[in-house]
Amino acid sequence: MALISGYHHVTMSVDGAQEDFDFFTGTLGMKSIKKTVLFDGTTPVYHLYYGNDAGDASTIVTTFPFRKPGVFGRRGTNQSKIIQLSVPRQSLDFWEDRLNAAGFKAGRTERFGLPRVAFAHPSGIPHELVAAEKDDRRSIVSDGISAENGIKGIYGVGIAVFDRTSMDDFMSVGMGMEKLGEDGANLKFTLPGAEATTAVEVLHEPDTPQGTWTLAGGTIHHLALDTGNEENQLKLKAHLEGLGFTDVSDQKDRNYFKSCYVRSPGGALFEIAWTVPQGWAMDEPAGQTGRTLVFPPWFEDRKAEMIAGLEEFRW
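Now for a look at the structure at hand. Keep in mind that this is a model prediction, so the values were computed, not measured. (Residues numbered from 1 in each chain as written. Predicted model: local features only at pLDDT ≥ 70, side-chain atom pairs only at ≥ 80, totals over all residues. Heavy atoms only, no water.)

**What to know about the overall build of the chain**
The helix and strand tally for the chain stands at five helices and 16 strands. Expressed along its principal axes, the backbone C-alpha trace of the chain runs to roughly 50 × 50 × 35 Å. A total of 315 residues make up the chain; the buried ones form 58% of that total. In the chain, the share of contacts with a sequence separation of at least 24, taken over all contacts with a separation of at least 6, comes to 67%. As presented, the chain carries roughly 12500 Å² of accessible surface, and 50% of it is formed by carbon and sulfur atoms. Averaging the locations of the 31 positively and 42 negatively charged side chains of the chain gives two centres separated by 2 Å. (Helix = DSSP H or I, 4+ residues; strand = E, 2+ residues; numbered from the N terminus. Buried < 20%, exposed > 50% of the residue type's maximum accessible area, 1.4 Å probe, protein only. Contact = heavy atoms within 4.5 Å. Areas by Shrake-Rupley, 256 points an atom, 1.4 Å probe, with all protein chains shown as cover. Lys, Arg positive; Asp, Glu negative; His and termini not counted. Charge placed at Lys NZ, Arg CZ, Asp CG, Glu CD.)

See below:
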């Protein structure tokens, strides 16, 4: 039995909070589902969450804006490279036109037989809107974006690697995914029967310098897979450790979900996560999440200090 059902979320470190918020909620039409702060370390940094209205797992993209701290990274190999979101097949013309009109250079490309629109986040991180097949998630409807065109959620992540073979055991034996195909020197892994919501595309880039692994603006930090519950999470953690992938963290409390992290042989950081019963309504009324800046209970004594250290932006 598979211990993961699909993506939970993907997370990247970006530049400015305002341009990030405007990009996701305006240009892409996603919903703000949580505004909080980075739970790790001491530097005051926002943690912004976007997704569908309900904040369902597999629709969530989260960001850490690092403009004010001035910490920026290097995109390269052995690092997650591309955020991929699923859209209806007939919407590609719409998105190419909309993105270019908004000032984002967008163009068509294809990989593994799937057409897509390629462009970049304002901080330079590559994105793709993929015409994924058999995706029955409802589209995110927003101003100027109809159900026929709206983003459905995460399709996958493209991971740049120096050695593509190093990912085979990790993805197949470790994560229980299946190698679905090859496109030149690139590999694709998915969960059988869930190809539209579980894609991991391994992109062979042996001649590119090593990318940054730390939290640093302009880079993808991790991809998170959904275990659905704590039992599956701990089973998968033990399974990975038993295979020798011992770089697995202890469970971390992310308030709205619980997480463990593991560094893959190809360099990309994976998270295995499950949403707690209260989910996004932990600290805001259900149906009204993402409207205020909230802090976890353990940061109550630092709220004033952290607010003073955050960059200002309008939402």
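**Overview of the sheet that holds strand β1 (residues 6-14)**
Taken together, the eight strands give an open sheet; going across it, the order is β2-β3-β4-β1-β13-β16-β15-β14, and neighbouring strands pair in mixed fashion. Every other strand in the sheet has two partners, leaving β2 (31-37) and β14 (252-253) as the edge strands with one partner each. By the bridge criterion, six bridges tie β1 to strand β4 (residues 60-65) in an arrangement that is parallel. The residue of β4 that forms the bridge with M12 is T63. Of the strands in this sheet, β1, β2, β3 (46-51) and β4 touch helix α1 (residues 17-27), which is tilted by about 10 degrees from β3. Across the sheet, helix α4 (residues 230-243) touches β15 (257-263) and β16 (269-275), and the angle it forms with β16 is around 155 degrees. (Pairing = 2+ DSSP bridges. Axes fitted to C-alpha atoms, helices over the stretch in contact; angles between N-to-C directions.)

**Notes on the nonpolar core**
The biggest cluster of nonpolar side chains holds 66 residues, and the ones touching the most others in it are L28, M175 and F270. In this structure, F270 is in contact with I159, M167, F170, M171, M175, L223, L225, C260, Y261, V262 and S264, ignoring residues within four places of it in sequence. In this structure, Y49, I60, Y256 and F257 belong to the second largest nonpolar core, which totals eight residues. (Core = buried A, V, L, I, M, F, W, Y, C linked by side-chain atoms within 4.5 Å.)

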